[in-house]
Amino acid sequence: MNAFQRAWRYITRKPTKTVLLIITFFLIGNLVILGLGISQAAENAKVLTRQQMRAVVSYETDYNAYWQYIDTLTDEDEINEAYEHSPRINKDSALKLTTDSRVKAFNYMTNTVAYSVEFENVPLGNEENKGEMYASAEGGEEFVYVEPNLMLYANMFPNMIELAEGTFTVTDGRFYTQDEIDTAAKVAVITKELAEQNGFRVGDTFRITTVDSYTLKQLKDSGMEYNEDDMNLELEIVGIYETKNDVDPNAQNFQWMSPYESPKNIILIPMTAYTEYQSEVASIQYSMYAMQNPDFEVDMDEITAQFDVPSRVVYLLNDPLEVEDFVKDHSEDLDEYTILNANNETFKKLSRPLDTMSFFANIVVWIVVVNAVVIISLVTALTLKTREYEIGVLLSLGVTKLKVILQLFIELILIALLGFTLAVGSGSLLAGRVGDAVLDYQTAADAEYETTDEGYYWYDSTDYFTEVTQDDMLSKYEVSVSPALILEIYILGTAVVLIAIAIPSIMIMRLNPKQILLEQN
Amino acid sequence: MSTILKLENINYGYIDGGYRREILKNLSYEFEEGTFYTILGPSGSGKTTLLSIMAGLDKQESGTVYYDGEDIAKMGLTKYRRNKVGVVFQSYNLISYLTGLENVLLAMTETDNKLPPNHKELAYAVLRMVGIVESKADRMISRLSGGEQQRIAIARAIAGNEDLIFADEPTGNLDSETEQEIIRLFQMLADRFGKTIIVVTHSNEVSRFSDRRILLKNGVLNDIR
Ligand SMILES: Nc1ncnc2c1ncn2[C@@H]1O[C@H](COP(=O)(O)OP(=O)(O)O)[C@@H](O)[C@H]1O
Ligand SMILES: [Mg+2]
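Quick caveat: nothing in here was measured; it's all calculated off a predicted structure.

So, the packing of aromatic side chains
When we look at a pair of aromatic rings, we describe it by the centre distance and by the angle of the planes. All names here are of chain A. A full pass over the atoms with the stated rule returns 22 aromatic pairs over all chains. Pairing Phe 119 with Phe 206 gives two aromatic rings, centres 5.2 Å apart and planes at 75°, and the pair type is edge-to-face. A residue pair is termed long-range when its members are at least 10 positions apart, and Phe 119 in the loop between β2 (103–117) and β3 (134–136) and Phe 206 in strand β8 (residues 205–209) qualify at 87 residues. With respect to burial, Phe 119 and Phe 206 carry one shared label: buried. One aromatic cluster in this structure is built from Phe 106, Tyr 108, Phe 157, Tyr 315 and Phe 326. Here Arg 387 stacks its cationic end above the ring of Tyr 10, 3.5 Å away from the centre of that ring.

Considerations on the pattern of salt bridges
Under the counting rule described, the total for this entry stands at 28 salt bridges over all chains. The salt bridge partner of Asp 221 of chain A is Lys 217 of chain A, with a shortest N-O separation of 3.3 Å. In this pair, Asp 221 of chain A and Lys 217 of chain A both sit in helix α9 (residues 213–222), four residues apart, roughly one turn of the helix. Classification of Lys 217 of chain A as partly exposed rests on a relative accessible area of 23%. Where Glu 390 of chain A meets Arg 387 of chain A, a salt bridge forms, and the shortest distance between an N and an O atom there is 2.9 Å. No difference in accessibility class separates Glu 390 of chain A from Arg 387 of chain A, as the two residues are buried. A network of salt bridges, in which partner residues are shared, links Arg 9 and Arg 13 of chain A together with Glu 102 of chain B.

Details of the site of ligand 1
The full set close to ligand 1 counts 14 residues, and Lys 514 of chain A together with Gly 44, Lys 47, Thr 48 and Thr 49 of chain B are the nearest of them. Here ligand 1 loses 68% of its free accessible area of 550 Å² to cover by the protein chains. Of all elements in the fold, only α19 (514–520) of chain A together with β1 (3–16) and α1 (47–54) of chain B reach the threshold of two or more residues within the shell around ligand 1. Looking at the shell around ligand 1 element by element, the count peaks at three residues for α1 of chain B. Partitioned by chemical class, the residues of the shell around ligand 1 number five nonpolar, seven polar and two charged.

Examining the pairing of strand β5 (residues 150–155) of chain A
Residues and elements named next belong to chain A. For β5, a buried count of six out of six residues is recorded, marking the element as mostly surrounded by other parts of the structure. Across six bridges, β2 lies against β5 in antiparallel orientation. Bridging across to β5, Thr 110 finds its partner in Ala 154. Here β5 pairs with strand β10 (residues 266–270) via five bridges, running parallel. Paired with Ala 154 across the two strands is Ile 269, which belongs to β10.

Definitions and limits used
Residues numbered from 1 in each chain as written. Chains lettered and ligands numbered in written order. Predicted model: local features only at pLDDT ≥ 70, side-chain atom pairs only at ≥ 80, totals over all residues. Heavy atoms only, no water. Phe/Tyr/Trp six-rings, centres within 6.5 Å; stacked < 30°, edge-to-face > 60°. Helix = DSSP H or I, 4+ residues; strand = E, 2+ residues; numbered from the N terminus. Buried < 20%, exposed > 50% of the residue type's maximum accessible area, 1.4 Å probe, protein only. Lys NZ or Arg CZ within 6 Å of the ring centre and 35° of its normal. Salt bridge = Lys/Arg side-chain N within 4 Å of Asp/Glu carboxyl O. Near = heavy atom within 4 Å. Areas by Shrake-Rupley, 256 points an atom, 1.4 Å probe, with all protein chains shown as cover. Nonpolar A, V, L, I, M, F, W, Y, C, P; charged D, E, K, R; others polar. Pairing = 2+ DSSP bridges.

Laid out in structure tokens, this is it:
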């Protein structure tokens, strides 16, 4: 007759009390499962949404903050000064971030539209809708407007995010190397479609220009002497890639899209080659201005520096769940008015209904747990009063007080296990129903605060943030009772029993066995 | 015959309404092995108090209790209760959610004394000895008469092979016929098994059949001859 055998006999042979306690634990268990299930489901939905979002962090200038700063200025000179020295991304900081082991790939990249020179872009399929377009130059003279038909992606590093993610796959030849970047080699990787369109092969060369038809016309008209070939960038094809991206012919603005908007017309080149070429072209243009206005002063270093600024610095991390920590770890080191943007605002906004629900669910859990401790303590303490003789007898037989407490604990824990096990079944059903109902109510209430600001979303082609919607997140909200949750409930139940047994234990420790002899006389 | 239990200068008192009341005053006594004692005395004289001190259920304020020459406080009261002592209560105090047999088995699991390996068999034998047949031994306590319950309580007190049996008014709730049977049981335990039986009673009937009668009065014990 050890403590366990006695406990087992007590609970099986005193069924009324046992059943009452099982019901108590069952009810407590249901509420706890409900609360934990709902808040865990919310947490899961957030994690799943995070995982669906690409693990990208963008290093940006915080213009909002800077404009706010300018707004505080009153002095005219100070304001002008502030506009001239607007914040820039710090190249060294950008490079330092790439050494973080969480970074899988990164783009330090400039994107510009360009024009093909004596070759064809990949057609979009909307050409017949668009007639010839005209633009008017200064003085009202009209001329044929030529649409830019290519897009240059000039990256500073060979491991582009698109390659790491498999959006781009080099199918022929190779990607440009770090060596070629360092030496500003005039090399390019083009799409399979662009290659096929023109019969290009690896090793061929082609020419492009970033100078628009109006500027070219101005240059010609100016009478300035220059080498026309200097306006073109000659590139050697080192590789051909396939892209998974394509335009959507059903898109609203498809009819008006320019050929450069087709992902098939994207040309990948080293950023250094781009900077060098752009600086040359710019210097010719500035010479023209200088010829026309003798007062015009140019600082060529500044012009070069201008082309060295990336339009986008984006890091792809190994794991979407690391994004928040990554931002937290590095934000301190950045220059003023530059930030790491992880699209957190969108995520936070979308999480709001789930967070509210979790918050209340957790409060319910705490209230229930505290009440459970109080109720179980009281019930145990009260029944202990009726068991004093029994305990006295056990003590008179030489059973230690600790073993008496152990028996009490085993009795309660067995009952709690049974109650909670029953609750796991019903609680998961209940949690699903109640969770859905609360969620419906919550999103309805939250919709009132829903702002229509699209500012969080970036629709341009270089957007690396995944567009997620409230529906995306809520569709992932599903209350299920996972093994981890079940474990959590049993651990919590054990904790409740342990705390609830504290007061009765003190009562037992203070019990004097002589008392049972005295009280019988 | 040798001394099994020796009380030396036992003092016990308590404070009641600001006054200190002495119950036991420098009480000394020696109990011999295999003897059936009854302790008599007026109500409130401290019999129950003395019994709980001797049984290791309470601590005296000063003085020493020796079991077989060993200070029971040094031995440890829990260990003393577990291995040397059996207690029988006025209202039997069997554990209600166990059968008679299980109550006896409980005492056998707790003791450190050497017992034959088959506890169940031994428990039935002990129960048979006190007059409880197997079919009754397997019943829940609530379905037994007072006399039967007290027999089981006695069986529980001796099942762990304890030498000392204490009983506080063990026949207080029983009719005279049953009382007779319980007395005979005590006699047998002392005579045949060499147990030392110390019974507190105010029943002359019980004390008449004991080997030695002692009176507790004014805080001390005196033999009645
Ligand atoms: N520790 C104590 N505190 C208060 N009162 C006590 C204590 N121990 C004994 N008493 C009281 O002393 C009196 C005598 O005790 P008891 O041993 O029960 O005498 P008896 O068994 O002879 O009737 C009783 O009234 C009892 O309530
Ligand atoms: Mg008494």
